[in-house]
Each structure stands twice: as structure tokens, then as C-alpha cells.
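What follows is each chain in one-letter form.
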Amino acid sequence: MPTIVRKCIAWNEARYDQVYDRELACKLLIEETLELFATENPIEKLDAIGDIIFVAIGVYWKLGLSIEQIEDLFATSDELLKTIDMEKIYVNCDQVQSYLFDILPEDIDGAYPGIALATYCSFLVALGALHGMGMQSCFYDVVMAICDSNDTKEVKGKTDPTIKANINKGSSFVPPTERLEEIYEAHHA
């Protein structure tokens, strides 16, 4: 079974050339993070959390990180769940993320530390939110539900790297809602 990193990268490879666009990366990360903070619905929160991770993996791939490097980030992040106060990060992460985006306007195509740091901050936001829901043990199930749902979107060839792929999801799209509800219910049973 492919890892979430490999599934995310395969999805991106089918729709994009490996070209980094800072503006699209920031737009997608901010959009998904705002969706997380805009809802109190736990299923919508899980959806936003999974989307943040999915987008972050895509940004890392477009920046040129290898599958192994991205998987290493996840191994580190899994360890972070055991050692960092994710509640505190979750409460303060929107300020940290805003600050990171404010200080990175000179980040240019391929610039590694700026957007990668902002992407990692978004990743921590997602982990913090999952921890705040008491569902950190469901991390991979949540992200895999998003991966599986995204895999049902139509592939129409390569998309311009400055445009969000699959704005029109197609008739084959299966939303992740039902699977996320199952994960939520199983965790709270």
C-alpha cells in the first residue's frame, strides 16, 4: 500500500509538472488553514486537516524534495506529536503562520527555507488541530481518506503550475465526508 506521501506525489505528478509557484503554494496553504479555523464542525475540521497535509506534501514535491526527504519530515512530525505541546501551537499557530508569510515576500521560485518553513508551520497547524480534537492517533487515516477522495477526481492532463488543479472535480469524484465520519465515529465510540 502506498504511503500518503507517495499517493500525494502521484496525484500531483498526474496533474502538474514539478514546477514550484510561490503564489499558488501560499494561496492553497492559506485557503486550507482558513477553512480549518472557520468551522466548528468536526468532520469539516478533519477534511481541512487532511487537505493541509495534502497541499503541504505537494508544495514540498514542487520545491524539489525527494519522496524520501518528504517521508522523513513525516517521521519527524510523528515524533513531534509525542514531544511538543500541540495545544499551545494550535492556539498560536495562526499568528505564527501570518508572521511567516509576512516576512517571506522575497521568497522566489525554488527558495527553500521560506516557503518550506511556512509549509511546515501549516503542517503543525493541522497536527495541532488534530491533537485538539484528541484524534492525533487518526492522523494517517484522515489524510488517507483525503488521498483516496482526491484520487477520484478526473485527470485532464497537466495543469498550468500557477493554477489550482481540479477546480472542477468531475463526475467520478467521491467526497471524503463519509469516510471521515466513519473515522470520527470509530474514534469516539
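It should be noted that the structure appears before, not after, this text.
Residues numbered from 1 in each chain as written. Predicted model: local features only at pLDDT ≥ 70, side-chain atom pairs only at ≥ 80, totals over all residues. Heavy atoms only, no water.

Chemist: Looking at this structure, I do not really get the packing of aromatic side chains. What am I missing?
Modeler: One pair of aromatic rings is described through two measures. These are the centre distance and the angle between the planes. Taken as a whole and judged by the stated rule, the model has two aromatic pairs. Centre to centre, the rings of W11 and F54 are 5.3 Å apart; their planes meet at 80 degrees, and the pair counts as edge-to-face. In this pair, W11 is assigned in helix α1 (residues 4–15) and F54 in helix α3 (residues 42–62), connecting sequence segments 43 residues apart. Classification of W11 by relative accessible area gives buried; the value is 7%. Each ring, one from F139 and one from Y140, has its centre 4.7 Å from the other, and the planes form 85 degrees; the classification is edge-to-face. Given a relative accessible area of 5%, F139 falls into the buried group. Assessed through its relative accessible area of 37%, Y140 is described here as partly exposed. The ring of Y16 is capped by K62, whose NZ or CZ atom sits 3.4 Å from the centre of that ring. The cationic tip of K169 hangs over the ring face of F173; the distance from NZ or CZ to the ring centre is 5.2 Å. (Phe/Tyr/Trp six-rings, centres within 6.5 Å; stacked < 30°, edge-to-face > 60°. Helix = DSSP H or I, 4+ residues; strand = E, 2+ residues; numbered from the N terminus. Buried < 20%, exposed > 50% of the residue type's maximum accessible area, 1.4 Å probe, protein only. Lys NZ or Arg CZ within 6 Å of the ring centre and 35° of its normal.)

Chemist: In this structure, what is going on with the packing of helix α2 (residues 22–38) against α3? I would like to understand it.
Modeler: Angle between the axes and distance between the axes: these two values describe a pair of packed helices. One way to put it is that α2 packs onto α3 with a least axis distance of 8 Å and a crossing angle of 165 degrees. In this view, α2 runs roughly antiparallel relative to α3, as classed from their interaxial angle. Two packed elements cross with a definite hand, and for α2 against α3 that hand is left-handed. Together, L24, A25, L28, L29, E32, T33, E35 and L36 of α2 and K45, A48, I49, D51, I52, V55, A56, V59 and K62 of α3 make up the contact between the two elements. Across the contact of α2 with α3, the residue classes break down as 11 nonpolar, one polar and five charged. (Axes fitted to C-alpha atoms, helices over the stretch in contact; angles between N-to-C directions. Parallel < 35°, antiparallel > 145°, perpendicular 65-115°, else oblique. Left-handed = near helix turned anticlockwise from the far one by under 90°. Contact = heavy atoms within 4.5 Å. Nonpolar A, V, L, I, M, F, W, Y, C, P; charged D, E, K, R; others polar.)

Chemist: So what exactly am I meant to see when it comes to the pattern of salt bridges here?
Modeler: Pairing between side chains of opposite charge can happen when the charged atoms of each approach one another. A complete count under the given rule lists five salt bridges for this structure. A salt bridge links K7 to D151; the shortest N-O distance between them is 3.1 Å. Pair noted here: K7 is in helix α1 and D151 is in the loop between α7 (139–150) and α8 (177–187), with a separation of 144 residues, a long-range link. Salt bridges here are not isolated pairs; linked through shared partners, they connect K7, D148 and D151. (Salt bridge = Lys/Arg side-chain N within 4 Å of Asp/Glu carboxyl O.)

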